[in-house]
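Structural features, examined
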Amino acid sequence: MAAKIKKGDHVVVLAGKDKGKKGDVLRVSPTEGRAVVQGVNMMKRHTKPSATNPGGIVEREAGIHLSNLALIDPKDGKPARVAFKILEDGRKVRVSSRTGESFDR
């Protein structure tokens, strides 16, 4: 199955404590069904000092389930469902179900 959400996509959170927040996808783990989105689902991590790291409390993003994310439609900026379309040159691209606008460059 082709991935509907990829690294670099602009998404909105549909459910949970960060509902409504928007951000770019930093990392996707398809086997776990989770993605890390910039500025969403922040957690505090207590780290030990090391040669490169001074240690202390570091805030970073935790993973969020893919079912709680939706791609933002490039045409109107609203959350959109994803469909797939095969172009004349044989490429398979992701398109918005509502507007037909392509998410892929």
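The structure contained in this document is the topic of the report that follows. Since the structure is predicted, the reported quantities are computational estimates derived from the model, not experimental observations.

Moving on: the overall build of the protein chain. Scanning the protein chain for helices and strands turns up zero helices and ten strands. In the protein chain, the order of α-helices and β-strands from amino to carboxyl end is β-β-β-β-β-β-β-β-β-β. Its C-alpha atoms give the protein chain a radius of gyration of 17 Å, clearly above 13 Å, the size a compact globule of 105 residues would have. Dimensions of the protein chain, computed from C-alpha atoms along their principal axes, come out at roughly 55 × 30 × 20 Å. When the accessible surface of the protein chain is summed, it comes to about 7,200 Å², and 52% of that surface belongs to carbon and sulfur atoms. The distance from the centre of the 22 positive side-chain charges to the centre of the 12 negative ones in the protein chain is 6 Å.

Bridge count between strand E1 (residues 10-13) and strand E2 (residues 22-29): three bridges; the pairing is antiparallel. What sits directly across from Val-12, in E2, is Lys-22.

What counts, and where the lines are drawn
Residues numbered from 1 in each chain as written. Predicted model: local features only at pLDDT ≥ 70, side-chain atom pairs only at ≥ 80, totals over all residues. Heavy atoms only, no water. Helix = DSSP H or I, 4+ residues; strand = E, 2+ residues; numbered from the N terminus. Rg over C-alpha atoms; globule rule 2.2 N^0.38 Å. Areas by Shrake-Rupley, 256 points an atom, 1.4 Å probe, with all protein chains shown as cover. Lys, Arg positive; Asp, Glu negative; His and termini not counted. Charge placed at Lys NZ, Arg CZ, Asp CG, Glu CD. Pairing = 2+ DSSP bridges.

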